[in-house]
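Tertiary structure, described
These are the residues of each chain, in order.
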Amino acid sequence: MRQTVSKIIVSFWLVTTVISCSAVSDATVAVDSTAIINSNYIGNGVQWDPYQLDYGEKQLKISSEDWQKLYSRLDFMKPQFIRVMINTTAVIENGVLNEMKNYENIAPILEYCQSRNVKVVLGDWGDRMVNSKTNIISENNLKLAAKYLDFLVNKKGFSCIHYYNMINEPNGFWSSTDENYELWKNAAGYFWSEVKALNLDQKVSLLGPDIAIWKADKVDWITKSAKDLDHAIGVYDIHTYPSKITVNSGQYTSILKAYKDAVPAGKPIVMGEIGFKFVEKEDEALLNENIARAKAKPYASLEDSQMFVYDYVYGSDMADALIQTINAGYSGSVAWMLDDAMHAKEEKNKLKVWGFWNILGDEYFGAEEEKVRPWFYSWSLLTKYMPSGSQIHKVSVEGNPNLKAISVSKEGKNMIAIVNVSSKALQINLTSKDLPVLNQIKKFVYAKDKLKFEGDHNLLANQSNLTLDLNKKTTETIPAEGLLVLTNFDY
């Protein structure tokens, strides 16, 4: 996969708890549980927006059975952090807020989050909140956006909404603000004044600036936001859609740190959206393959689809990006995105194929599309075993840059995850001088033909009830383009 997109890698490998000390390892992974990178991790999750439902030639509804299927699949993942984006203008009629319009589309999402104690960032895409041609904000629409937030939080009781994101990716030419920082600042500031007028500021804070970045050249958006809006911003955030080569090479870490370092002390930063786009020349073959696959899929957007979501390698690449984000000091990550059926691009039936599945596959888009895709499992393992409030320990990896690792703990439970993005299996020495002996360890191995499935979406451990003593030499083998998760969280 790393050399040509059509190459199939078949590796014979064996995962054991302890291998003979005479084995030669490719790298050493050392956990230092006394060095804490982050003492209060918010959590990982996914973007879950209200469904489009109007697909041009067909209008559909999410059935109660499909809502239950969505709930069950998410219960396996145990998301801690979910982003929900709307256009408030869709519920404004003749300048007046119609709070109940489309309520049936957003309510099941928020009801899930409320019942599972999931922290939600609610946001507005930015439609008609500003006019980039005249540099004028729409005070009425911003006022109604705050009023709609009040309706959801206070009248409907959705206390799961902790953060609000006013205008998606305001530094982009595609955004309603058209790259204009001052216009975004004015809109966010006015919206916040309306939030305070409604006494919501003790319940909800802003999340921002929500910029989309590919390099370390937009740090000024963080520094300016900190200067102008730090009183309102509870959590800073960025979006990244890096190229595969950027992440796998480790260059991604230095980009992430540039933004983290610009955040005021004591404030967290999260990844508000994360997905892969093949933007670098080294990934040109992948880009061409992506386009070819989208052309072959009747309902896929050619402009905005990630067709490798069907491949196991996307799961290991997303794990690589997430692990680097965690180690760079970020406090959470939101994967783009849950479900293909949420958004379309060029036409109403040209879907943004990025999801874990398409919940309307059986109804319209093809039964195969409704099945769970591989990357759901790698992202789920790194979500459910990183509960909110986890501590992140320092981990050093020496010997092979294709390996990245994290170590987390909470209330006496631990998780260690190691990803291998190379095209061959790698053997590692796993050590720690200070981590206690861990009992009742479950081992999960994410790789093609290695997952142990149960039913529609459940994943069973490859091995259970293991003992992990990292004071002694412990050797593990990580499959090519694979992820190893060791945990004693008891769920």
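Summarised in this report is the structure supplied together with it. In this text the structure is predicted, and so the values were computed from the model without any measurement. (Residues numbered from 1 in each chain as written. Predicted model: local features only at pLDDT ≥ 70, side-chain atom pairs only at ≥ 80, totals over all residues. Heavy atoms only, no water.)

1. So, the sheet that holds strand β11 (residues 233-240)
Basically, it comes down to this: The rule for pairing is simple: two strands pair if DSSP sees at least two bridges between them. Starting at the N terminus, helices and strands are each numbered in turn, a helix being any DSSP run of H or I of at least four residues and a strand any DSSP run of E of at least two. Lines fitted to C-alpha atoms define the axes here, with helix axes fitted over just the stretch in contact, and angles between the N-to-C directions of these axes take values from 0 to 180 degrees. We call two residues contacting when some pair of their heavy atoms lies within 4.5 Å.
With respect to topology, 8 strands assemble into a closed barrel ordered β2-β3-β6-β9-β10-β11-β12-β13, the strand pairing being parallel. Each adjacent strand pair in this sheet contributes to an overall mean axis angle of 25°, direction not counted. In this fold helix α4 (residues 181-197) packs onto β9 (161-166) and β10 (205-213), with an angle of close to 160° to the strand it touches most, β10. Packed onto the sheet, helix α5 (residues 219-229) meets β10 and β11 and runs at close to 160° relative to β11.

2. As for a negative patch on the surface
Rules: Grouping into patches uses exposed residues only, defined as over 30% relative accessible area, and leaves out salt-bridged ones; the cut-off is 9 Å for like charges and 5 Å for nonpolar side chains (Val, Leu, Ile, Met, Phe, Trp, Tyr). The accessible surface values rely on the Shrake-Rupley method and a 1.4 Å probe; as for residues, cover is taken only from the protein chains in view. Any Lys or Arg side-chain nitrogen located within 4 Å of an Asp or Glu carboxyl oxygen qualifies as a salt bridge. His residues and chain termini do not enter the charge count, which takes Lys and Arg as positive and Asp and Glu as negative. Where a charge lies is defined by one atom per residue type, namely NZ (Lys), CZ (Arg), CG (Asp) and CD (Glu). Only protein chains enter the accessibility calculation, which uses a 1.4 Å probe; a residue whose area is less than 20% of its type maximum is buried, one above 50% is exposed, and one in between is partly exposed.
A surface patch of negative charge is lined by E57, E303, E346 and E347. Assignment of secondary structure puts E303 in the loop between α8 (284-296) and α9 (312-327). Take E303: its relative accessible area is 57%, and that puts it in the exposed class.

3. Quick word on the state of the cysteines
So the rule is basically this: Two cysteine sulfurs form what is called a disulfide whenever their separation falls within 2.5 Å.
Tallied over the entire structure, the rule returns 0 disulfides. There is no disulfide at C113, and the cysteine sulfur nearest it, in C160, is 5.4 Å away.

4. Observations concerning the pairing of strand β16 (residues 413-420)
Within β16, 7 of the 8 residues are buried, which leaves it mostly tucked inside the rest of the structure. Summarising the sheet, strand β15 (residues 403-410) and β16 pair through 8 bridges and their orientation is antiparallel. Considered in β16, the bridge of K410 is made with K413. In terms of strand pairing, β16 meets strand β23 (residues 482-487) through 6 bridges, oriented antiparallel. Residue pairing across strands places A417 opposite V485, the latter belonging to β23.

5. Some thoughts on the sheet that holds strand β22 (residues 474-478)
Reading across from one edge, β21-β18-β23-β16-β15-β14-β1-β17-β22 is the order of the 9 strands in this open sheet, with mixed pairing throughout. Strand pairing shows two members of the sheet lacking a second neighbour, β21 (463-468) and β22, which therefore form its edges. Taken over all neighbouring pairs, the strand axes of this sheet differ in orientation by 30° on average, direction set aside. Bridge analysis of strand β1 (residues 27-41) against strand β14 (residues 390-398) gives 8 bridges, and the strand direction is antiparallel. Following the sheet pairing, V31 is matched in β14 by V395. Taken strand by strand, α9 contacts β1, β14, β15, β16, β18 (438-446) and β23, and its axis lies near 60° from that of β15.

6. What to know about unusual backbone geometry
Cis geometry is adopted by the peptide bond preceding P209, which originates at G208 and carries an omega value of 5°. The amide bond that connects W336 to the next residue, M337, takes the cis arrangement and shows omega of 0°. Tracing the backbone shows M337 in the loop between β13 (332-335) and α10 (361-365). Despite not being glycine, N102 has its phi angle at roughly 65°, a positive value. Structurally, N102 is set in the loop between β5 (96-97) and α2 (103-115). N102 gets classed as partly exposed once you look at its relative accessible area, which sits at 33%. Positive phi is not limited to glycine here, since E169 has a value of about 45°. With respect to the helices and strands, the residue E169 is situated in the loop between β9 and α4.

No statement about biological role is implied by the geometric values presented.
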